[in-house]
There are 2 protein chains.
Amino acid sequence: MSSDLDLVHTFREVWAELSGIGRAPDGGYLRFAWSPAEVALRDWFHAQAASRDMPVTHDGNGNLFATWSPAAGASGAVSGRGDGNGPGGVLTGSHFDSVPHGGAFDGPLGIVSAFLAVDLLRARGFRPARPITVAAFAEEEGSRFGVACLGSRLLTGAIDPARAAELTDRDGLALGDVLGAAPAGARPDLVAGFDAYVELHVEQGRALAAPVGVASAIWPHGRWRFDVEGEGNHAGTTLMSDRRDPMLTYAFTVLAANKEARLRDAHATVGRVEVTPNATNAIPSAVRGWLDARAADEATLAALVEAVAKKATERAGRDGTGIRFTAESTTGEVRFDEGLAARLAGLLGGVPILPTGAGHDAGVLSAHLPTAMLFVRNPTGVSHAPAETAADADCAAGVEALARVLEELSSTPLVDHDEGVAK
Amino acid sequence: MSSDLDLVHTFREVWAELSGIGRAPDGGYLRFAWSPAEVALRDWFHAQAASRDMPVTHDGNGNLFATWSPAAGASGAVSGRGDGNGPGGVLTGSHFDSVPHGGAFDGPLGIVSAFLAVDLLRARGFRPARPITVAAFAEEEGSRFGVACLGSRLLTGAIDPARAAELTDRDGLALGDVLGAAPAGARPDLVAGFDAYVELHVEQGRALAAPVGVASAIWPHGRWRFDVEGEGNHAGTTLMSDRRDPMLTYAFTVLAANKEARLRDAHATVGRVEVTPNATNAIPSAVRGWLDARAADEATLAALVEAVAKKATERAGRDGTGIRFTAESTTGEVRFDEGLAARLAGLLGGVPILPTGAGHDAGVLSAHLPTAMLFVRNPTGVSHAPAETAADADCAAGVEALARVLEELSSTPLVDHDEGVAK
């Protein structure tokens, strides 16, 4: 693994091991948390860790940690600080789960790159002063239980484990049943063992012109479920003037969200809907939609959601329906550690520093640890869809960049543990 | 069964036998064609027929026929004409299947009333000159295989049985597999055995103020599937200006259909939608909707659908999406035999004659037989929903009216077989 060519080749080989897992005929991935496909990826994680003599720890929340400890034989603990001595570890990694029919790169690229970065450092004879731990976080997309970054939220105590245990998937199965027990919840013992988290991720817009970049911030964002109640009735016989059709209120809300977002240079999407009874010849009795909204700052986001809710409620009055908005998950603005971002961008030769509209486990962890993200260029800007892609050479550049970052962070003093924490 | 009170009581008792079959917790019914619930209703049909010595015939299309033959012992044939002699029979009945979470009355009321009308005639010592046959038609709602009145269309040759065999339900199961063979298709031998069809049905708007009425016509109507193709992408990172979001085109189409229908005193409904991938944080790649449209005449219906398609296509151009409309099933205007309707309304003491926006097997059969419909009052106008209802006294009045109609039609010469056929 001495030349760039080798790294591209190696990346391609390892990447191919995953490409068939959970792939749908359309080329998209169905890798929901704890589904057979995602469990196969977890098995792959265990095999990769074992082949590198990196012991794996579970945190009781579905997250996995494989650790390369500086002292040979000091295995079993997640971090050097886990045994009460030594410096805190450097955490890296990402997630395996996908949105329905999502792309191959969102998540798995960060885990694959982490293992390959370890290989690269070892091949170069590097011996870390701090442990390097590769993490696979659970249910980052929230595609199964509805709460994004569920694994990292549980680990850091950002969500109550008893509440999380009762979250249900589309089949009505509860998280507690899937795990076989309520999740463990906050593990400050584990989190305190790390002095930094660095997540490598495919960039998801068209915002990065270089092969690799560093993240500055994550836009504040959230998901609001809106329930429209009307009156089920016969599509053929019910006078238009007698109708209380929730599909009309839903459709108006979709268009209002689009318009209000454009007015504010924000993002709003309604990508999911459930209709009762969803029959061609019946006026629905109820329509449930989900609004995904994001903006550059929290005031703009609040104004956006408020404007959509106000217009939708007015329309509901005209349609004879009722509408109710419920925040399912909201995440404030994340500003990654500015000093760390600048340091890493410099280390990588002055690569771009840019914000993103996408949420990540790094955003959750940034409230507890100095945290940074590396982005790998996305040539088309497509993400959360089968066409999501990244060039092999850019992925190899990402592995190289991550290796340099891990080398730097695991061999030198880090920022103070109480500084650089996101407000 | 000599007094009105007895008939109300009897109706209530028989009706109660069915009320638990296929009932969902919301009080609506899930009685899809050939589902366990609908099969239980077919079993009930066989038991009712057997208890009345009415032999049951299958037509190879999923439709059932139970016949009361004038000559005692002449059992087994569907109609008197089936053995080459005697006058044609009188057909009555309806369907058991429901829309998802539909009401109890739409369909089963016509079958229950038919058996009770036979009881009433027998209790009064009536001996029909023509056979009286009670039918249970299959898949009238089209809720499982997408084509409304599938059973009566197959029986009359209005749909190709090979095409019908390949229709699939939401689980991908084909009709041919459900039946165990391709449907038999047109059975002119059976249809020619009848000289009239009378279907009793709950009225479905708020159009009938009397307990019982007679139908004049069915509005022309149809179902148009519309497929909107866009580009799946990330809800958080994709610039609004870069989006090709099919949900926007869908929402616009829903509102356009509503507006264009109101402008024409017509009916338009979008009650069913399927989204790919249907994830909160993904711009959909495709949205499929179904437009149910109906109008008083065919020119108005065509203009309505054309206007909706035109506006939707313009909007798709602005959204960067593509939209395609496909007619899944269309039914021209049905004018029931005017002479027969007037005769029955007179027989029943001058009850109202009224059109309906709802499709029925009677509409399909009216192209082949003199056909009439009796409506039973719907106090709320709700149909295709759990709240659909009819008063016991009105249902008893419906049984009484149907008995008088069957008595009349099975004992006197009917209109000529070639007349009174819907154009």
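Conventions used here
Residues numbered from 1 in each chain as written. Chains lettered and ligands numbered in written order. Predicted model: local features only at pLDDT ≥ 70, side-chain atom pairs only at ≥ 80, totals over all residues. Heavy atoms only, no water. Helix = DSSP H or I, 4+ residues; strand = E, 2+ residues; numbered from the N terminus. Buried < 20%, exposed > 50% of the residue type's maximum accessible area, 1.4 Å probe, protein only. Contact = heavy atoms within 4.5 Å. Pairing = 2+ DSSP bridges. Axes fitted to C-alpha atoms, helices over the stretch in contact; angles between N-to-C directions. Salt bridge = Lys/Arg side-chain N within 4 Å of Asp/Glu carboxyl O. Least-squares fit on C-alpha atoms with pLDDT ≥ 70 in both. Buried area = accessible area lost by both parts, 1.4 Å probe.

With an unreviewed UniProt entry as reference, chain A is termed Zn-dependent hydrolase, source organism Asanoa siamensis.

Considering the environment of Met247 of chain A
Residue and element names in this part refer to chain A. Within the fold, Met247 resides in helix 8 (residues 246–263). Taking relative accessible area as the criterion, Met247 reaches 0% and is therefore assigned buried. Along the backbone, Met247 and Pro284 are 37 residues apart, and their C-alpha atoms lie at a distance of 6.9 Å.

Considering the environment of Leu121 of chain A
Residues and elements named next belong to chain A. Counting through the fold element by element, Leu121 comes out in helix 3 (residues 108–123). Residue class for Leu121 comes out buried when judged on its relative accessible area of 1%. Spatially, the C-alpha atoms of Leu121 and Arg404 are 8.3 Å apart, while their sequence positions differ by 283 residues. Not counting the four nearest positions on each side in its chain, Leu121 is found in contact with Trp68, Phe126, Ile132, Ala403, Leu406 and Glu407.

Remarks on the pairing of strand 15 (residues 371–376) of chain A
Residues and elements named next belong to chain A. Among the six residues of strand 15, six are classified as buried, and the element is accordingly described as predominantly covered. Residues of strand 15 alternate between two faces, with Thr371, Met373 and Phe375 on one and Ala372, Leu374 and Val376 on the opposite face, all of them buried. When strand 5 (residues 194–202) meets strand 15, the two strands line up parallel, connected through six bridges. When the bridges of strand 15 are listed, Val198 appears paired with Ala372. Inspection of the sheet shows strand 6 (residues 212–218) paired to strand 15 by three bridges, in the antiparallel sense. Looking at strand 15, one finds that Val214 is bridged to Leu374.

As for the sheet that holds strand 7 (residues 221–229) of chain B
All names here are of chain B. On the basis of which strands lie adjacent, the open sheet formed by four strands has the order 9-11-7-12 and antiparallel pairing. Every other strand in the sheet has two partners, leaving strand 9 (267–276) and strand 12 (322–331) as the edge strands with one partner each. For this sheet the average axis-to-axis angle between neighbouring strands, irrespective of direction, equals 20°. Sheet topology note: the strand 9/strand 11 (residues 286–294) ladder contains nine bridges and is antiparallel. Paired with Val275 across the strands is Val287, a residue of strand 11. Of the strands in this sheet, strand 7, strand 9, strand 11 and strand 12 touch helix 8 (residues 246–263), which is tilted by about 170° from strand 9.

Structural notes on the pattern of salt bridges
Scanning the entire structure with this criterion turns up 44 salt bridges over all chains. Measuring nitrogen to oxygen at the nearest pair gives 4.0 Å for the salt bridge that ties Arg324 of chain B to Asp227 of chain B. Taken together, the positions of Arg324 of chain B in strand 12 and Asp227 of chain B in strand 7 put the pair 97 residues apart, joining distant regions of the chain. With a closest N to O distance of 2.8 Å, Asp292 of chain B and Arg294 of chain B form a salt bridge. Residue Arg294 of chain B is classed as buried on the basis of its relative accessible area, which comes to 4%. What you see here is one network of salt bridges that share partners, running through Arg225, Asp227, Arg288, Arg324 and Glu328 of chain A.

Points about the sheet that holds strand 11 (residues 286–294) of chain A
Residues and elements named next belong to chain A. A sheet is described by the order of its strands in space; here four strands give the open sequence 9-11-7-12, paired in antiparallel fashion. Two strands close off the open sheet at either side, each with one partner strand: strand 9 (267–276) and strand 12 (322–331). Along the sheet, successive strands turn relative to each other by an average axial angle of 20°, direction set aside. With nine bridges joining them, strand 7 (residues 221–229) and strand 12 adopt antiparallel strand pairing. Its bridge partner lying in strand 12, Gly222 is registered against Thr330. The strands touched by helix 8 are strand 7, strand 9, strand 11 and strand 12; relative to strand 9, the strand with the most contacts, the crossing angle is about 170°.

Considerations on the relation of the copies chain A and chain B
Each of the two copies of the chain can be brought onto the other by a rotation about an axis and a shift along it. Turning chain A through 180° and shifting it by 0.0 Å along the axis lays it on chain B, with an RMSD of 0.1 Å. The symmetry that links the two subunits is that of a two-fold axis. When each C-alpha of chain A is compared by its distance to the rotation axis, Ala251 of chain A comes out closest, at 2.1 Å. Most of the interface of chain A is mirrored in chain B, where 100% of its interface residues are also at the interface.

Considering the interface of chain A and chain B
If you look at the interface, chain A gives 61 residues, while chain B gives 61 residues. Taken together, both faces of the contact between chain A and chain B bury some 5200 Å²; the carbon and sulfur share is 56%. For chain A, the biggest contributors to the area lost against chain B are Met240, Thr280 and Asn281 of chain A; these three give 14% of the whole. Where chain A packs against chain B, one counts two salt bridges. Across the salt bridge formed by Arg206 of chain A and Asp242 of chain B, the nearest N and O atoms sit 2.9 Å from each other.

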